[in-house]
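Results of the structural survey
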Amino acid sequence: MEDQEKIIQIAGSITVDELAKELGLSVTSLIGELFKEGIVATINQRLDFDTASLIIEELGISNVRLEKKNTATQTSEARRELSDHAVERPPVVAVMGHVDHGKTTLLDTLLNKKTVEAEAGGITQHISAYQLEHEGRKITFLDTPGHEAFAAIRQHGAMLTDIVVIVVAADDGVKPQTVEAIKFAQGANAKIIVAINKIDREGADIPRTMADLSQHGLQPEEWGGDITMVPISAKRGDNLDKLLDMILLTADLEELKADVDIPAEGLVIESHMEVGKGSVVNLLVTGGELKTGEFIVAGSAYAKVRTMVDFKGRPKGKATPSTPVTITGFKELPNFGDRFVECPDEKSARKQALLNAQGNSDALASSNVTSTDLLRMMNVADNSKTFNVIVKGDVLGSVTSVVDSLKMIDTHGEVTLNIVSTGVGDITENDIYMAAGDNTVIYGFNVSVPTNIAKMAARDGVSVRNYRVIYELLDDAKSSMEDLLDAEVVEEEIGEMKIKGVFRTERTSIIAGGEVLTGKVSAKVNGANGEVPVLGRVYRNKELIGEVQVDSVQKEKMAVDELVAGETGGIAFKLEKRITIELDDRVKFFTRELKKKRL
């Protein structure tokens, strides 16, 4: 029926193209309407819930209603359709919340209380995922390493969690990170349960906390909404069983299932290099059964699963859906958030990894890894550096000029500029909503920032930077993008010496004498960030023996600041590793500094 109301569900945001299709309009018409509202948008521009609602209202469309999509679905576009043979699986639960609201305490208490055969002293190393048992059923918990990492997983189009437990302190209420957690949970299409923590504290106010949450779209069940809220004390352990009961009840309502008779698949949730083991990768199996000895591919990396252990370090022969495991065997580190799939043999795994690499310009092309590469890969959650901006200007010409100028900043491909939104007119509440939670900077050019908007931005942690000179705006943007760049290790050669005599050799030091052939030698030199120590590489017949540090310099038994080319003197070397220095060895001196990259 034509008059039947159409409901459009939005999980976080919707593109202009998607909204136009839902409304049965041409993209051109919708972009024109956005322009009337002062929003200069492209076909792929994302609109938040409030903006989309406003556009529909301005268009006079009465038979369409928007709904925020808060509830979970057990599949995503990246997941295959379940077969009739799918079996029940444990829920995957992420715990999020504002700093100091008790997330870590809750996780620790649950782990110590509920983990079967907990080891004495607890878990000694950082874990990103673990399982506990409650009423004979398993629950997988994820200790999300921060909102940015959680967002990175969503950007890969992966459904990681079924349920998000948002921890809110009863004596502190909703904070900016709480709002971020709510947005991420909604964007990940996960079912939300709120744990109202610290009910044992003086000043705890559960009704006020519920009221705060309802202002951010989380309506408690007690007030006719659909969000379960459980008052707890993570420190004392109050109501934790009830919280676990509600998690399992929610899981039952969602009917979470997975296929096991398919090739194993899942997600990379953490990866790092470990001495003696090589690449150590934490995986969450989402389908099939992963076994040791099998070949898997994740992005441009592939592995033969050499070892597999559970979160307590116990060996596992196989892992079923919703099970977190740690494996070794990857030839190179896969990216955080990548999907992994099982392959029948090494040849097909290598071929698939190569195809994935060719389709991903950011994939590491070489297996020859430098120390700088290694540092970057160990921080895999930060491989993709994006500078998100919203631009508001007094006239369309100003906006276009600012945007075009921002795009002209050369970042050598190391930082991606993402124009989240543009518009004409003063900075509004909608701009703050769009910027909150995504490290988005709002640039204003010849516009005003009303007092209430400035307060709102300060409350939500949104950076609003208003300029009247375009070059100052561009300098600020360039500086902000430089701040996103990793520092690089820079070495500078300063001189070379030939060893003429060795006077004393100990485990941690050597005193030797020689002639400076080129440059100079000293204990310290002025670097970009102040004084830096002088290091040396010892060569014997062109073979590198080891590395030393200059401790002091002498000439004719008197301490001096430096020796220059042509001079002879003594050097006291400090050793990190025990090495020998012999007659006719050559020492090439250099400095090593960590320098901030500049665009």
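Owing to the predicted nature of the structure, the values given are computational and were not obtained by experimental measurement. Counting restarts for each chain, with residues numbered from 1 along the sequence as it is written. Only residues with pLDDT of 70 or above have their local features reported here, since the model is predicted, and side-chain atom pairs are shown and tallied only from 80 upward, although totals for entire chains, interfaces and linings are computed over all residues. Derived side-chain values reflect all non-hydrogen atoms in the structure, with water molecules and hydrogen atoms excluded from consideration.

**Focus: the overall build of the chain**
In terms of regular secondary structure, the chain is built from 14 helices and 35 strands. Burial here depends on accessible area, computed with a 1.4 Å probe over protein chains only, as a share of the maximum for the residue type. Under 20% is buried, over 50% is exposed, and the range in between is partly exposed. Residues counted as buried form 47% of the 599 residues belonging to the chain. Counting contacts in the chain only where the partners sit at least 6 residues apart, residues at least 24 apart contribute 71% of the total. Surface accessibility in these figures is a Shrake-Rupley result with a 1.4 Å probe; residues are shielded only by whichever protein chains are displayed. Accessible surface for the chain amounts to roughly 29,900 Å². Of this, 47% is attributable to carbon and sulfur atoms. Only runs of H or I of at least four residues qualify as helices and only runs of E of at least two qualify as strands under DSSP, and these elements are numbered from the N terminus. Contact between two residues is taken to exist if any of their heavy atoms lie within 4.5 Å; hydrogens are not considered.

**Here we look at unusual backbone geometry**
Notably, Ser322 is not glycine yet its phi reads approximately 70°, a positive angle. Within the fold, Ser322 resides in the loop between strand S19 (318-319) and strand S20 (324-330). Given the relative accessible area of 2%, Ser322 is considered buried. The phi dihedral of Glu556 falls on the positive side, at around 50°, and the residue is not glycine.

**Let's talk about the nonpolar core**
For the purposes of this section, nonpolar cores are sets of buried Ala, Val, Leu, Ile, Met, Phe, Trp, Tyr and Cys residues that join through side-chain atoms within 4.5 Å. Of all hydrophobic cores here, the largest spans 26 residues; its most connected members are Val164, Ile166, Ile192, Val194, Leu213, Leu218 and Met229. Counting residues per element, the ones that place at least two in this core are strand S7 (92-97), strand S10 (163-169), helix H6 (176-187), strand S11 (191-197) and helix H7 (206-214). The element best represented in this core is H6, accounting for 5 residues. Leave out the neighbours within four places in its chain, and Leu213 touches Val168, Val174, Ile182, Val194, Leu218 and Met229. Val93, Tyr130, Ile193 and Ile232 belong to the second-largest nonpolar core, a separate cluster that totals 25 residues.

**Quick notes on the pattern of salt bridges**
When a carboxyl oxygen of Asp or Glu lies within 4 Å of a side-chain nitrogen of Lys or Arg, that pair is called a salt bridge. Taken as a whole and judged by the stated rule, the model has 24 salt bridges. In this structure, the salt-bridge partner of Lys520 is Glu562, at a minimum N-O distance of 3.6 Å. Placement of the pair is Lys520 in strand S27 (residues 509-522) and Glu562 in strand S33 (residues 562-564), with a sequence separation of 42 residues.

**Quick word on helix H1 (residues 16-23)**
Taken as a whole, H1 has its buried residues at Val16, Asp17, Leu19, Ala20 and Leu23. Angular distribution of buried residues about the axis of H1 spans 165°; they occupy a single face of the element. Gly24 occupies a position one or two residues after H1 and carries a positive phi of about 70°. To be clear, the arc concerns the directions from the helix axis to the C-beta atoms.

**Some words on the pairing of strand S26 (residues 488-505)**
Strands are treated as partners if at least two bridges between them are detected by DSSP. Strand direction decides the pairing type here: S26 and strand S35 (residues 586-595), joined by 10 bridges, are antiparallel. Note on S35: the bridge partner recorded for Gly495 is Phe589. Counting the residues that bridge the hairpin from S26 to S27 gives 3 residues.

**Some details on the side chain of Asp585**
Secondary-structure assignment places Asp585 in the loop between strand S34 (568-575) and S35. Among the polar contacts made by the side chain of Asp585, one reaches the side chain of Arg540 at a distance of 3.0 Å. Excluding its chain neighbours within four sequence positions, the residues that come into contact with Asp585 are Met497, Lys498, Ile499, Val538, Tyr539, Arg540 and Thr580. Counted as a polar contact is a pair of N or O atoms within 3.5 Å, where, for protein atoms, one must be capable of donating a hydrogen and the other of accepting one, and residues adjacent in sequence contribute only when both atoms are in side chains.

**Quick word on the environment of Arg598**
Residue placement: Arg598 occurs in the segment after S35. Each C-alpha atom of the pair Arg598 and Thr411 lies 8.9 Å from the other, and the pair is 187 residues apart in sequence.

**Some points on the packing of aromatic side chains**
Between the rings of Phe, Tyr and Trp (Trp by its six-membered ring), a pair exists once the centres lie within 6.5 Å; its type follows the angle of the planes, with under 30 degrees stacked, over 60 edge-to-face, and the other angles tilted. The tally for this structure, following the rule as stated, stands at 5 aromatic pairs. Considering the side-chain rings of Phe387 and Tyr443, the 6.5 Å spacing of their centres and the 65° angle between planes classify their relative orientation as edge-to-face. Taken together, the residues span a long stretch of sequence, with Phe387 in strand S22 (residues 386-393) and Tyr443 in strand S24 (residues 440-445) at a distance of 56 residues. For the pair Phe387 and Tyr443, a shared accessibility class is recorded, and that class is buried. Ring centres of Tyr443 and Tyr467 lie 6.5 Å apart, and the angle between their planes is 45°; on these two criteria the pair is classed as tilted. On the criterion of sequence distance, the pair formed by Tyr443 in strand S24 and Tyr467 in strand S25 (residues 463-467) is long-range, its members being 24 residues apart.

**Describing helix H3 (residues 49-58)**
What H3 keeps buried is the set Phe49, Thr51, Ala52, Ile55 and Ile56. The buried residues of H3 occupy an angular sector of 170° when projected down its axis, which confines them to one face. Count one or two residues on from H3 and you reach Gly60, which has phi positive near 75°.

**Side note on the pairing of S25**
One ladder, built from 5 bridges, connects S24 with S25; its direction is parallel. By the bridge assignment, Tyr443 is partnered in S25 with Arg465. Crossovers are described as right-handed under a simple rule: with the strands pointing away from the observer, the path leading from the first strand over the helix to the second runs clockwise. For the crossover that starts at S24, traverses helix H13 (residues 451-460) and ends in the parallel S25, the hand is right-handed.

**Looking at the sheet that holds S10**
Read from one edge to the other, the open sheet built from 6 strands follows the order S8-S9-S7-S10-S11-S12, with strand pairing classed as mixed. Looking at which strands have only one partner, the edges of the open sheet turn out to be strand S8 (129-134) and strand S12 (228-231). The mean inter-strand angle of the sheet, taken between neighbouring strand axes irrespective of direction, is 30°. Here 6 bridges tie S8 to strand S9 (residues 137-142), and the two strands are oriented antiparallel to one another. Axis angles are defined between N-to-C directions and span 0 to 180 degrees, where every axis is a line fitted to C-alpha atoms and, for a helix, only to the segment in contact.

**A few points about the side chain of Lys392**
Topologically, Lys392 is positioned in strand S22. We classify Lys392 as buried; its relative accessible area is 5%. With sequence-adjacent residues up to four places away left out, Lys392 is seen in contact with Val399, Gly423, Val424, Gly425, Asp426, Ile427, Thr428, Asp431, Tyr443, Gly444, Phe445 and Val447.

**A few points about the confidence of the model for the chain**
In predicted models, pLDDT denotes the confidence assigned by the predictor to each residue on a 0 to 100 scale. Summing up the model confidence of the chain, the mean pLDDT is 80 and the portion of residues at 70 or higher is 82%. Looking over the chain, one finds the lowest element-wise mean pLDDT in helix H10 (residues 371-378), namely 34, and the highest in strand S16 (residues 290-291), namely 96. The low-confidence segment residues 70-79, where pLDDT is below 50, has 32 contacts with residues more than four positions distant or belonging to other chains. For residues 114-127, every residue scores under 50 in pLDDT, and the model assigns this stretch 24 contacts once sequence neighbours within four places are set aside.

**Structural notes on the environment of Ser401**
Take Ser401: it is sitting in helix H11 (residues 396-407). Ser401 sits in the partly exposed class, given a relative accessible area of 33%. Remark: the alpha-carbon pair of Ser401 and Ile470, spanning 69 residues in sequence, is separated by 8.7 Å.

**Observations regarding the environment of Ile55**
Relative to the assigned elements, Ile55 resides in helix H3. Overall, Ile55 belongs to the buried group, its relative accessible area being 0%. The spacing of Ile55 and Leu34 is 21 residues in sequence and 7.0 Å in space, taken between C-alpha atoms.

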